[in-house]
Amino acid sequence: MKHKGRAVVFTSIEDARRRTDDPNLDIDENCVIVLQNCGPKGYPGMAEVGNLPIPKKLLQKGIRDMVRISDARMSGTAYGTTVLHVSPEAAAGGTLALVKNGDMIELDVDGRKLELLVSEEELQKRRQAWKPPEPVVKRGYTDLYIKHVMQAHTGADLDFLVGGSGDYVPREN
């Protein structure tokens, strides 16, 4: 499967829920839906919010699938053409954070390639301007988690636990 389409970006799950069925949303069946800030740091946690719905106005036209990309995860029982666990995630400054509405994105499943079709010069400008999102909390376990969780491609473990467990399994666990 190969697909190239214009990005329609949602910056959070709340943004997606608020705007997906807005009749004025500039989207068609060739677009690529992008959901940012739903990975380990951004949500925080690996919440099952990657199963983004098709906008109602497209469902009414008979569209049943679109390419969707996110740093979130979803249940294996969900449906459709989705690229999930994008890592590094948007909240950690990964390329997903740099995607803007209207950018062209190309997905080549057989070639195992996902490409943001924006010049390196423009991406560099966006990287320099990027600022991490405000954390949802600034103390306690959630704050500790946000500061220390690693990215999805490394298992979303806490960095201070890496290498500390060994292979010992206590008693009958």
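Everything numeric here is computed off the predicted structure, so don't read it as measured data. (Residues numbered from 1 in each chain as written. Predicted model: local features only at pLDDT ≥ 70, side-chain atom pairs only at ≥ 80, totals over all residues. Heavy atoms only, no water.)

*Asks:* I keep staring at the overall build of the protein and nothing clicks. Help me out?
*Replies:* Summing up its helical and strand segments, the protein has 4 helices and 6 strands in all. Walking the protein from its N terminus toward its C terminus, one meets helices and strands in the order β-α-β-α-β-β-β-β-α-α. Oriented by its inertia axes, the alpha-carbon framework of the protein measures out at about 60 × 40 × 35 Å. Counting the 173 residues in the protein, one finds 37% classified as buried. Within the protein, contacts between residues separated by at least 24 positions form 62% of all contacts whose residues are at least 6 apart in sequence. Here the protein has roughly 10400 Å² of accessible surface; of this, 49% comes from carbon and sulfur atoms. (Helix = DSSP H or I, 4+ residues; strand = E, 2+ residues; numbered from the N terminus. Buried < 20%, exposed > 50% of the residue type's maximum accessible area, 1.4 Å probe, protein only. Contact = heavy atoms within 4.5 Å. Areas by Shrake-Rupley, 256 points an atom, 1.4 Å probe, with all protein chains shown as cover.)

*Asks:* For this particular structure, what's the right way to read the sheet that holds strand β6 (residues 113-116)?
*Replies:* What links the strands of a sheet is backbone hydrogen bonding, and the strands pair in either a parallel or an antiparallel sense. With respect to topology, 6 strands assemble into an open sheet ordered β4-β3-β2-β1-β5-β6, the strand pairing being mixed. Unpaired on one side and paired on the other, β4 (82-83) and β6 mark the two borders of the sheet. In the sheet, strand β1 (residues 2-10) pairs with strand β5 (residues 104-108) via 5 bridges, with the strands oriented antiparallel. Looking at β5, one finds that Gly5 is bridged to Ile105. (Pairing = 2+ DSSP bridges.)

*Asks:* Honestly, a nonpolar patch on the surface in this entry has me stumped. Any pointers?
*Replies:* Taken together, the side chains of Tyr141, Leu144, Phe160 and Leu161 define a hydrophobic patch exposed on the protein surface, amounting to about 410 Å² of accessible area. Secondary-structure assignment places Leu144 in helix α4 (residues 140-148). Of the residues examined, Leu144 reaches a relative accessible area of 38% and is grouped as partly exposed. (Patch = residues over 30% accessible without salt bridge, like charges linked within 9 Å, V, L, I, M, F, W, Y side chains within 5 Å. Salt bridge = Lys/Arg side-chain N within 4 Å of Asp/Glu carboxyl O.)

*Asks:* Would you explain the pattern of salt bridges in this entry?
*Replies:* It is possible for side chains of opposite charge to pair when their charged atoms get near one another. Enumeration over the complete set of coordinates arrives at 11 salt bridges. Taking the shortest distance from any N to any O, the salt bridge between Asp15 and Arg19 comes out at 2.7 Å. On the criterion of helical spacing, the pair formed by Asp15 and Arg19 is a turn pair, its members being 4 residues apart in helix α1 (residues 13-19). Since its relative accessible area comes to 8%, Asp15 is described here as buried.

*Asks:* Could you clarify how one ought to interpret unusual backbone geometry in this entry?
*Replies:* Negative phi characterises most residues that are not glycine, and trans characterises most peptide bonds. The omega angle of the peptide bond from Tyr43 to Pro44 is -10°, so this bond is cis rather than trans. Note on placement: Pro44 falls in the loop between β2 (32-35) and α2 (56-59). The linkage connecting Ser87 with the following residue, Pro88, adopts the cis geometry, with an omega of 0°. If you trace the backbone, Pro88 turns up in the loop between β4 and β5. A positive phi angle, close to 55°, is found at His85, a residue other than glycine. Examined against the element boundaries, His85 turns out to sit in the loop between β4 and β5. His85 sits in the partly exposed class, given a relative accessible area of 39%.

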